[in-house]
Amino acid sequence: MFGCRSSLCEGEYIAGALKSYGLEITEDIHEEFNAAVLVTCSVTQEADRKCRQAVRRLRKLLGDEGILAVCGCWAQGLDELSARYLGIDILSGSKGKNILPEIFMKMLDNGRDFLDLRTQDIFSPSESEWEELEINSPVMHSRAFMKIQDGCDHFCTYCIIPFLRGRPVSRPKEKIIEEIKRLIDNGTKEIIFTGIHLGLYGRDINSSLSELILEVSKIHALKRFRLGSLEPFCLDENLLDALSGCEAFCPHLHLPLQSGDDEILKAMRRGYTARDFVKVCNDARKKIADDIHISSDILIGFPGEDIDAFQNTLTIMKDAGLGRVHVFPYSQRSGTLAAKMPGQVPHDKKIRRTSEVIALGRKLYNNYVKNFKGCEVEILIEKDGKGHTRHYIEAQCDGDNNEIVKAKVFNCVYDRLECKRRD
């Protein structure tokens, strides 16, 4: 499985549906299996390469008889001739995942064929309807990723995803609330809302993300609740108020910065300035919690990034008080405006700058994590005594899987808390 948290959610749905048909599910390619579903990503050229490589490997492992289904963003952009050449049996792009499990099972009974479930026009009005993917309980994770929004029309100049996911569309509010309650009844302790552009939730159904969270706040049985990646300009006063009033909301936000230079942000078509970003982070600390963990994405070496622009990024990372950062060197993405922009940064400069940002990110995160030494924390144990605190810091502590434990932090190891359980 490749991709964002929305892809994780889609993979959970497919796994759950196939399990309900009686199949045994595994993510371990070293185990014996006779059919496979690959959820793909196309956010970068490197992601494309990895998906193609994974398809070839799975086809080889499956042999001549095994069924191979491929879905997701990379699959959406793949031409049929290449799909057939790679040995894909079922091709389902950004849509069609709701019918994929049933078709997969039929092919298991009837033998290999080639079926293309993709839409021909991702922007057609008929594709602007919500594709319902219900999850009763997580299959591959202890936490439940719940996709509530799909599509994007922001069109950042470096991003191909809007061309593969289509128009923004929101899941009906009543369906979300029903699924939250069902997940809780089935033992789920933590739910994460995901979306391709999460902050656009509700725009197409006369609602908003803040209104939805106000409804979520009324579900008192919900223990822990998080948001996936959220664009900075979507974190307005209404949303901050809703989050601050939601007892289950865990104090962590992932706000992609991408660059700390205003000219680069404008060229990226991000919709905010560097100081806007700092203000949003400070507003979150004032409204939600002064120790909220703000993680981010940084894109290094965008066309036109000179040394001053790069230094501005380092400055804003510190001024915003970021915690964990995910750093990516820019690569030209065919089909995007940025790919043809002048001022492409040489590869060696991108690599050096990326290393410098990673080093600063490690320092910032380490400084943040150290603040919890000696503190009491609440940990959701996910696997083998490892889990995450409410602030989304990895923690080690005694406990059973899917158990929430209270513990005291006795040591901090860069990005992990070592804790002793307090019964």
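Sequence positions are assigned chain by chain, starting from 1 and proceeding in written order. Per-residue local features of the predicted model are confined to residues with pLDDT of at least 70, and side-chain atom pairs are confined, for both listing and counting, to 80 or more; whole-chain, interface and lining totals are unaffected and use all residues. Only hydrogens and water are removed before side-chain values are computed, so all heavy atoms of the structure are retained for them.

(A) The pairing of strand β11 (residues 325–329), seen in detail. Here a strand pair is declared whenever DSSP counts at least two bridges between the two strands. Secondary structure elements are taken from DSSP: a helix is a run of H or I of four residues or more, a strand is a run of E of two residues or more, and numbering for both begins at the N terminus. In terms of strand pairing, strand β10 (residues 293–300) meets β11 through 5 bridges, oriented parallel. The residue of β11 that forms the bridge with S296 is V325. A crossover links β10 with its parallel partner β11, the connecting element being helix α12 (residues 307–319), and its sense is right-handed. Crossover handedness is defined here as right-handed if the route from the first strand over the helix to the second strand goes clockwise, with the strands pointing away from the viewer.

(B) Representation of the side chain of K350 within the structure. Structurally, K350 can be placed in helix α13 (residues 347–370). Partly exposed describes any residue whose relative accessible area lies between the buried limit of under 20% and the exposed limit of over 50%, with all areas from a 1.4 Å probe on protein chains only and scaled to the type maximum. In this count, Lys and Arg are taken as positive residues and Asp and Glu as negative ones, while His and the chain termini are left out. Salt-bridge detection follows one rule: a side-chain nitrogen of Lys or Arg within 4 Å of a carboxyl oxygen of Asp or Glu. Although K350 is buried, it makes no salt bridge; D348 carries the closest opposite charge, 8.9 Å away. Any two residues whose heavy atoms approach within 4.5 Å are treated as being in contact. Those residues in contact with K350 that lie beyond four places of it in its chain are I300, G301, Y330, S331 and V345.

(C) Region of interest: the sheet that holds strand β13 (residues 386–389). Taken in spatial order, the 5 strands close into a barrel running β12-β13-β14-β16-β15, and their pairing is mixed. On average, each strand axis in the sheet is inclined to that of its neighbour by 50°, with strand direction left out of account. As paired elements, strand β12 (residues 376–383) and β13 share 4 bridges and run antiparallel to each other. Along β13, the bridge assignment pairs I381 with G387. Fitted lines through C-alpha atoms give the axes, limited to the stretch in contact for helices. The angle between two N-to-C directions lies from 0 to 180 degrees.

(D) Fine view of the packing of aromatic side chains. Stacked, tilted and edge-to-face are the three classes assigned to paired rings of Phe, Tyr and Trp, where Trp is represented by its six-membered ring and a pair needs centres within 6.5 Å; plane angles under 30 degrees give stacked, over 60 edge-to-face, the rest tilted. The final tally for this structure, using the stated rule, is 8 aromatic pairs. The structure contains a cluster of three or more aromatic residues connected by ring pairs, namely Y158, F302 and Y330.

(E) The arrangement of the sheet that holds strand β2 (residues 67–72) in detail. Taken in spatial order, the 4 strands of this open sheet run β1-β2-β3-β4, and their pairing is parallel. Looking at which strands have only one partner, the edges of the open sheet turn out to be β1 (35–40) and β4 (115–116). Pairing geometry for strand β3 (residues 90–92) and β4, over 2 bridges, is parallel. Along β4, the bridge assignment pairs I90 with L115. Seen against the sheet, helix α2 (residues 45–62) touches β1 and β2 and runs at an angle of roughly 180° to β1. Most of the contacts of helix α5 (residues 100–110) go to β2, to which it runs at about 165°, and overall it touches β1, β2, β3 and β4.

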